[in-house]
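Each chain is listed here by its residues.
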Amino acid sequence: MKITSARVIVTSPGRNFVTLKIETDQGISGIGDATLNGREMAVVSYLEDHLVPLLLGRDPHRIEDIWQLLYRGAYWRRGPVTMSAISAVDMALWDIKGKVAGLPVYQLLGGASRDGVLVYGHANGPDIDETIDEVGRYIELGYRAIRVQSGIPGVKGAYGVGRGQMYYEPADSALPTETRWDTAAYLNFAPKLFEKVRETHGFDIELLHDVHHRLTPIEAAKLGKSLEQFRLFWMEDCTPVENPQAFRLVRKHTVTPLAVGEIFNSVHDCRELIENQLIDYIRATVVHAGGITGLKQISSLAALYQVRTGCHGATDLSPVCMAAALNFDLWVPNFGIQEYMRHTEETNEVFPHSYSFADGYLHPGDSPGLGVEIDEDLAAKYPYEPRQLPVARLADGTMWNW
Ligand SMILES: O=C(O)C(=O)C[C@H](O)[C@H](O)CO
Ligand SMILES: [Mg+2]
């Protein structure tokens, strides 16, 4: 079997997605997600200018060898652009292998380790009352785990608060929207929010919270401690992770479980946190961390230290990534949870898929391969629109972490 073509498709059904389609001489094709939110066109160029010429004529069954060729062969290893491009190739090759075998990818990985993939949805609102109502709406839909984010009085554009209900899409304009950040207001507010959510909805539902890199280590430790009584499933990205040792300080002071890793792109980014048991959940994802092949490396290391997976699954990860993640999640022995930020109807029409939600769990379905396709005619109706993520500044104008 030989690869005869590899094409990049950029489409924007409500938001931008970059998809790689690999075709073979036997009429079987596979797709992979290559979306890097706000920096999409850098990955398009990396694929078209540098990787596609390397793929033509190769045997698509040699997934590991092609992964090593693209990783080692570049000389310049790692980084989000390189690894998103490699991820897309890897996903497309697993898709092809599954289609040739007539099996869903989770069967090729070793088969299902569970009946369904526990997911968490996103409840958010401009204030505590609306956020609590939104949590109730997710419970009614059958969710067993919910991420809770709320607007903070006096803070313009707090992280995670959607523009409409049930959906959240932060990349909102061609140039970054400027938001404000106020640590003191947040630290006063967050325990009140979770107290009210627990009072209203009880302790049977799992609650998660994303701090989005906004705190220093000692502030993160304080927040973790103040939220312990509300039994969070996890506190995510509580402080920036360039220095993994910062998490030692957080760990010393709180037993609130910690999750990190959505911006990681290789096992090397994860190693120090995992080996020192500084986190409980690793959030690296298929599209940014080297595809299914990259995630296998990460999850195998994590398993040695009882760190479980909790893959990133925001709307900037396309349904192609979601399908790949669900095949991985159904198999991976040390699975924790999967983020599931639902895509809009427009997006779902461009990417018809076999995964489905029931009673708080997603299942990838049993279509051969990843179980997702791209409708290229429909995709062509949604041209690329430059969009960037917001930025955050403190009240005195200092640039902060978004
Ligand atoms: O889903 C999450 O946990 C996020 O933090 C979402 C990110 O802001 C988003 O994916 C950035 O592209
Ligand atoms: Mg996050």
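Residues numbered from 1 in each chain as written. Chains lettered and ligands numbered in written order. Predicted model: local features only at pLDDT ≥ 70, side-chain atom pairs only at ≥ 80, totals over all residues. Heavy atoms only, no water.

### Description of the overall build of the protein chain
Move 1: Along the backbone of the protein chain there are 13 helices and 16 strands.
Move 2: For 402 residues, the compact-globule estimate of 2.2 N^0.38 gives 21 Å, and the C-alpha radius of gyration of the protein chain, at 20 Å, lies within 12% of that figure.
Move 3: With the principal axes as the frame, the protein chain shows a C-alpha extent of 60 × 45 × 45 Å.
Move 4: Long-range contacts, defined here as pairs at least 24 residues apart, represent 73% of the contacts in the protein chain between residues at least 6 apart.
Move 5: By element, 51% of the accessible surface of the protein chain is carried by carbon and sulfur atoms, the whole surface being about 15,700 Å².
Move 6: In the protein chain, which carries 37 positive and 51 negative side-chain charges, the distance between the mean positions of the two groups comes to 5 Å. (Helix = DSSP H or I, 4+ residues; strand = E, 2+ residues; numbered from the N terminus. Rg over C-alpha atoms; globule rule 2.2 N^0.38 Å. Contact = heavy atoms within 4.5 Å. Areas by Shrake-Rupley, 256 points an atom, 1.4 Å probe, with all protein chains shown as cover. Lys, Arg positive; Asp, Glu negative; His and termini not counted. Charge placed at Lys NZ, Arg CZ, Asp CG, Glu CD.)

### Quick notes on the pairing of strand 1 (residues 3-11)
Move 1: Sheet topology places strand 1 next to strand 2 (residues 17-24); eight bridges connect them, and they run antiparallel. Residue pairing in the sheet places R7 in a bridge with K21 of strand 2. (Pairing = 2+ DSSP bridges.)

### With respect to the coordination of the magnesium ion (ligand 2)
Move 1: All of the protein donors around the magnesium ion (ligand 2) are D210 (OD), E236 (OE) and E262 (OE); their distances to the metal are 2.0 to 2.2 Å.
Move 2: Within one chain, the residues donating to the magnesium ion (ligand 2) are spaced in sequence as D-x25-E-x25-E. Placement of the pair is D210 in strand 7 (residues 206-210) and E262 in the loop between strand 9 (258-260) and helix 9 (267-275), with a sequence separation of 52 residues. For the pair D210 and E262, a shared accessibility class is recorded, and that class is buried. (Donors = N, O, S within 2.8 Å, 3.2 Å for Na, K, Ca; no water. Buried < 20%, exposed > 50% of the residue type's maximum accessible area, 1.4 Å probe, protein only.)

### Describing the pairing of strand 4 (residues 117-125)
Move 1: Burial of strand 4 is extensive: nine of the nine residues sit out of reach of the surface.
Move 2: The alternating pattern of strand 4 places V117, V119, G121, A123 and G125 and L118, Y120, H122 and N124 on opposite faces, both of which are buried.
Move 3: Sheet topology places strand 4 next to strand 14 (residues 361-363); two bridges connect them, and they run antiparallel. Looking across to strand 14, one finds that L118 is bridged to Y361.
Move 4: When strand 4 meets strand 12 (residues 338-339), the two strands line up parallel, connected through two bridges. Pairing of Y120 across the sheet is with E339, part of strand 12.
Move 5: Where strand 4 and strand 5 (residues 145-150) come together, six bridges link them in parallel fashion. What sits directly across from Y120, in strand 5, is A145.

### Let's talk about the site of ligand 1
Move 1: Surrounding ligand 1, one finds 14 residues, the nearest of these being N37, Y159, E262, D316 and E339.
Move 2: Taking N37, its side chain carries an N or O atom lying 2.9 Å from an oxygen atom of ligand 1.
Move 3: Here D316 contributes a side-chain N or O atom positioned 2.8 Å from an oxygen atom of ligand 1.
Move 4: Protein contacts shield 94% of the accessible area of ligand 1, which totals 330 Å² for the unbound molecule. (Near = heavy atom within 4 Å. Polar contact = N/O pair within 3.5 Å; in protein donor to acceptor, adjacent residues only side chain to side chain.)

### Some details on the environment of V81
Move 1: Among the secondary structure elements, V81 is positioned in helix 3 (residues 80-101).
Move 2: Along the backbone, V81 and H288 are 207 residues apart, and their C-alpha atoms lie at a distance of 8.3 Å.
Move 3: Ignoring anything within four residues of it in the chain, the contact list for V81 reads L36, A42, V43 and Y46.

### A word on the domain arrangement of the protein chain
Move 1: Under the domain assignment used here, the protein chain contains domain 1 (3-104) and domain 2 (109-367).
Move 2: Using C-alpha coordinates to define each centre, domain 1 is positioned 26 Å away from domain 2.
Move 3: Residue-level contacts link 28 residues of domain 1 with 35 residues of domain 2.
Move 4: For the pairing of domain 1 and domain 2, the buried interface totals around 2,400 Å² over both sides, and the portion due to carbon and sulfur atoms is 58%.
Move 5: Between domain 1 and domain 2 we count two salt bridges in total.
Move 6: A salt bridge links E169 to R15; its shortest N-O distance comes to 2.9 Å.
Move 7: On the surface where domain 1 and domain 2 come into contact, there are 15 residue pairs in polar contact (both at pLDDT 80 or more).
Move 8: Looking at the side of domain 1 that touches domain 2, the elements with two or more residues in it are strand 2, strand 3 (29-33), helix 2 (63-72) and helix 3.
Move 9: With seven residues, the top contributor of residues to the side of domain 1 that touches domain 2 is helix 3.
Move 10: Grouping the constituent residues of the side of domain 1 that touches domain 2 by class yields 14 nonpolar, nine polar and five charged. (Domains from an automatic or database assignment. Buried area = accessible area lost by both parts, 1.4 Å probe. Salt bridge = Lys/Arg side-chain N within 4 Å of Asp/Glu carboxyl O. Nonpolar A, V, L, I, M, F, W, Y, C, P; charged D, E, K, R; others polar.)

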